[in-house]
Amino acid sequence: MGSLSGILQRPVVAASVVAIASLSAELHDKLRPSRPFDTTSVDQPNSLICSTETNSSWVSHISVSKLTNLSFVTRIRVPVPNLTHCIPNTGHNFVPNYLYLSVASFPVLLDLYQSAELAKIPKPTTYPHSIPLSSSSSEVVYRWHLPDPSSIDITGSSDCSSAKSRTVVVLLGWLGSKQRHLAKYADWYTSRGFHVITFTFPMAEILSYQVGGKAEEHIDSLVNHLVEWLEEEYGKNLVFHTFSNTGWLTYGAILEKFQKQDHTLMGRIKGCIVDSAPVAAPDPQVWASGFSAAFLKKQSVATKGDEAANEPGVQASSGARTVVEARPAITEAALLLVLEKFFKVVLNLPSVNRRLSDVVGQLKTGQPRCPQLYIYSSADKVIPAGYVEMFIQEQQKSGREVRACNFISTPHVDHFRHHPHLYSSQLTHFLEDCVLTGCKSTS
């Protein structure tokens, strides 16, 4: 498969600028709904439960004709990743000469995402086993987090402590996530005696993705590191904890490499936790929602869950609550429209479709025979709950041990922040029953 950089650059930048341009009062007046958003009354308890619900699409209600007068800008700086292992710098030109799509009528995307990030780059930090992307950037490919010393039984009398010390939990981040976003999850595991690796992809590497390129070299580096650690001592194991479709697909790529390198490595994986995923079908709306959330961050509707509220003048019936569904702002609706139409083209390109099919096929039928835990929400605006439940059913039919919990009203990859106690209990029970068999934690 050739480079996706040219495929992604032009329309994504254009789409980003659509969001900026659509802030104008004129466009706001044109697209403003003529009536308030509808609310849906659902008869369910206030407590969190595991249940089945579905989401609906709102992108299709915006017409392309309403976007024709928008102007565009063309500046973007993309960070140049560079591993300690001397991965070559390919420069800033991510536009291949051989590929120009019908969406190329948008101006060239070259510097919008990075310019938005420059003002908030954190100061460099140092962690053991950190692999930096660049000498000028504080971002790293992955970090190794050691167990909290207070969680280690130095007497060696605890079988549970010994099992944890021989287990590495690999956290695979979502699209646009950084190391600091995964820190709270890493802290949860290290405080309980586990080794942790946090792995993230910078947005620039997603936009410039190509087979055999930097992104896959980073995965190779992680795989080689894991293999070396597993081979140091008998009895060492892995647990994967993935976030959104990006983390889940990264997990699939790792499984592919394990299978090719040494199929016995699959047996060293003792559990997989999937947070806010998966969507196994190449759905343009899902991809558009994911990229929109990555670009807009806290301004995105994906960061907002469904909230209980009563409409003015309407009395809620006993035992029921009125749920107000979060809707996208005008800016995001415009961005979503462009991205969705763009991904309808991209996901049908033979090379793209073939690569995705390979990884998803691995995840559907080639996963290790370890227990799986799915954490998701009916209020997720990026990954519809129906897709997750469909995949769960397929895995159960194939004979795998699967657990699942629907958090009902929490946003995409934000379940832990909203309900830390429930999230913690789900992880604790899963690890005790499925990963640390014969060893019950007191945490």
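Not measured: the values here are computed from a predicted model.

*Asks:* Would you mind showing me how to read the overall build of the protein chain here?
*Replies:* Along the backbone of the protein chain there are 14 helices and 10 strands. The buried share of the protein chain, reckoned over its 443 residues, is 55%. Put simply, of all contacts in the protein chain between residues at least 6 apart along the chain, 81% involve residues at least 24 apart.

*Asks:* What should I look at first to understand the packing of aromatic side chains in this one?
*Replies:* What the rule picks out here adds up to 16 aromatic pairs. With a centroid separation of 5.3 Å and an interplanar angle of 90 degrees, the aromatic rings of Trp248 and Phe391 are classed as edge-to-face. On the criterion of sequence distance, the pair formed by Trp248 in helix 8 (residues 244-261) and Phe391 in helix 12 (residues 385-397) is long-range, its members being 143 residues apart. With respect to burial, Trp248 and Phe391 carry one shared label: buried. Measuring from centroid to centroid gives 5.7 Å for Trp287 and Phe343, while their planes differ by 50 degrees, and the two rings are tilted. You can see Trp287 sitting in helix 9 (residues 284-296) and its partner Phe343 sitting in helix 10 (residues 330-346), a full 56 residues away along the chain. A residue is classified by how much of its surface remains accessible, and Trp287, at 24% relative accessible area, is partly exposed. What makes Phe343 buried here is its relative accessible area of 1%. In textbook terms, an aromatic cluster arises when at least three aromatic residues are bridged by ring pairs, as seen for Trp174, Tyr185, Phe243, Phe407, Phe416 and Tyr423.

*Asks:* Just to check I follow, could you spell out the confidence of the model for the protein chain for this structure?
*Replies:* A low pLDDT score tells you not to read the predicted coordinates there in detail. In this model, the protein chain carries a mean pLDDT of 73, and residues with pLDDT of at least 70 account for 60%. The secondary structure element of the protein chain with the lowest average pLDDT is strand 1 (residues 40-42), at 36, and the one with the highest is strand 9 (residues 372-376), at 98. Every residue in residues 51-129 scores below 50 in pLDDT, and together they form 171 contacts with partners more than four places removed in sequence or on other chains. Low pLDDT (under 50) marks residues 308-322, which in the prediction has 24 contacts with non-local residues, meaning those over four places away or in another chain.

*Asks:* I would appreciate a short explanation of the state of the cysteines in the present structure.
*Replies:* Counted by the stated rule, this structure contains 0 disulfides. Summary of cysteine pairing: Cys370 is not part of a disulfide, and the nearest cysteine sulfur, belonging to Cys272, is at 6.2 Å. Cys370 sits in the buried class, given a relative accessible area of 4%.

*Asks:* Can you help me understand the nonpolar core in this one?
*Replies:* The nonpolar side chains of a soluble globular protein tend to be buried, and buried together. By size, the foremost hydrophobic cluster in this structure holds 68 residues, and its most contacted members are Leu222, Leu238, Phe240, Phe258 and Phe291. Sorting elements by how many residues they give to this core places helix 7 (residues 214-232) first, with 8 residues. Ignoring sequence-local partners within four residues, the contact set of Phe258 consists of Val223, Leu226, Val227, Leu238, Phe240, His263, Leu265, Met266 and Ile269. Judged by nonpolar contacts, the second largest core, of 28 residues, contains Val169, Trp174, Cys434 and Leu436.

*Asks:* Would you mind showing me how to read the side chain of Asn245 here?
*Replies:* Its place among the elements puts Asn245 in helix 8. Owing to a relative accessible area of 10%, Asn245 belongs among the buried residues under this scheme. If we ignore the near neighbours within four places in the chain, the residues touching Asn245 are Ser276, Ala277, Pro278, Val279 and Ile383.

*Asks:* How should I be thinking about the pairing of strand 9 in this particular structure?
*Replies:* Successive residues of a regular strand alternate their side chains across the two faces of the sheet. Counting buried positions over the 5 residues of strand 9 gives 5, a clear majority of the element. The pairing of strand 6 (residues 269-275) with strand 9 spans 4 bridges and is parallel. When the sheet's bridge partners are listed, Ile273 is paired in strand 9 with Leu373. Judged from the 5 bridges that link them, strand 9 and strand 10 (residues 402-406) form a sheet pairing that is parallel. Among the inter-strand pairings, Ile375 is bridged to a residue of strand 10, identified as Cys405. Of the crossover connections in this fold, the one passing from strand 9 over helix 12 to the parallel strand 10 is right-handed.

*Asks:* How should the packing of helix 9 against helix 10 be read in this particular structure?
*Replies:* Two numbers describe a pair of packed helices, the interaxial angle and the distance between the axes. Their axes nearest at 8 Å, the elements helix 9 and helix 10 cross at an angle of 135 degrees. Taken together, the axis directions place helix 9 and helix 10 in an arrangement best described as oblique. When the axes of helix 9 and helix 10 are compared, the crossing they make is right-handed. Facing helix 9, whose interface residues are Pro284, Gln285, Trp287, Ala288, Ser289, Phe291, Ser292 and Leu296, helix 10 presents Glu332, Leu335, Leu336, Leu339, Glu340, Phe343 and Lys344. Of the residues belonging to the contact of helix 9 with helix 10, the class tally is 9 nonpolar, 3 polar and 3 charged.

*Asks:* Is there a simple way to explain helix 12 in this structure?
*Replies:* Since one α-helical turn is 3.6 residues long, residues separated by three or four positions face the same way. Between the first and last C-alpha of helix 12 there are 19 Å, a value that for 13 residues agrees with the 18 Å anticipated at 1.5 Å per step. Every buried residue of helix 12 is accounted for by Ala385, Val388, Glu389, Phe391, Ile392 and Gln395. Down the axis of helix 12, the buried side of the element spans an arc of 160 degrees, and every buried residue falls inside it. On its buried face, helix 12 sits against helix 8, helix 11 (350-365), strand 9 and strand 10. Two residues or fewer after helix 12 comes Gly399, characterised by a positive phi angle close to 95 degrees.

*Asks:* Mind showing me how you'd approach the pairing of strand 2 (residues 142-145) here?
*Replies:* Burial along strand 2 is two-sided: the face carrying Tyr142 and Trp144 and the face carrying Arg143 and His145 are both buried. Examined bridge by bridge, strand 2 and strand 4 (residues 195-199) share 4 bridges and lie antiparallel to one another. Its bridge partner lying in strand 4, Tyr142 is registered against Phe199.

*Asks:* I tried to follow the sheet that holds strand 6 on my own but got confused; where do I start?
*Replies:* What holds strands together in a sheet is hydrogen bonding between their backbones, with the strands either parallel or antiparallel. One open sheet holds the 7 strands; their spatial order is 2-4-3-5-6-9-10, and the pairing between them is mixed. Bordering the open sheet on either side are strand 2 and strand 10, each of which pairs with just one other strand. Taken pair by pair, the neighbouring strands of this sheet meet at an average axis angle of 15 degrees, ignoring direction. Across the sheet, helix 5 (residues 179-190) is in contact with strand 2, strand 3 (167-172), strand 4, strand 5 (237-243) and strand 6; its angle to strand 4 comes to roughly 165 degrees. Set on the sheet, helix 14 (residues 420-435) makes contact with strand 5, strand 6, strand 9 and strand 10; between it and strand 6 the angle comes to about 160 degrees.

*Asks:* Is there a simple way to think about the environment of Phe407 in this case?
*Replies:* Mapped onto the fold, Phe407 is located in the loop between strand 10 and helix 13 (415-418). Sequence separation of Phe407 and Asp380 is 27 residues, and the distance between their C-alpha atoms is 9.6 Å.

Cut-offs and rules
Residues numbered from 1 in each chain as written. Predicted model: local features only at pLDDT ≥ 70, side-chain atom pairs only at ≥ 80, totals over all residues. Heavy atoms only, no water. Helix = DSSP H or I, 4+ residues; strand = E, 2+ residues; numbered from the N terminus. Buried < 20%, exposed > 50% of the residue type's maximum accessible area, 1.4 Å probe, protein only. Contact = heavy atoms within 4.5 Å. Phe/Tyr/Trp six-rings, centres within 6.5 Å; stacked < 30°, edge-to-face > 60°. pLDDT = per-residue confidence, 0-100. Disulfide = S-S within 2.5 Å. Core = buried A, V, L, I, M, F, W, Y, C linked by side-chain atoms within 4.5 Å. Pairing = 2+ DSSP bridges. Right-handed = clockwise from strand over helix to strand, strands pointing away. Axes fitted to C-alpha atoms, helices over the stretch in contact; angles between N-to-C directions. Parallel < 35°, antiparallel > 145°, perpendicular 65-115°, else oblique. Left-handed = near helix turned anticlockwise from the far one by under 90°. Nonpolar A, V, L, I, M, F, W, Y, C, P; charged D, E, K, R; others polar. Expected span 1.5 Å × (residues − 1). Arc of directions from axis to C-beta.

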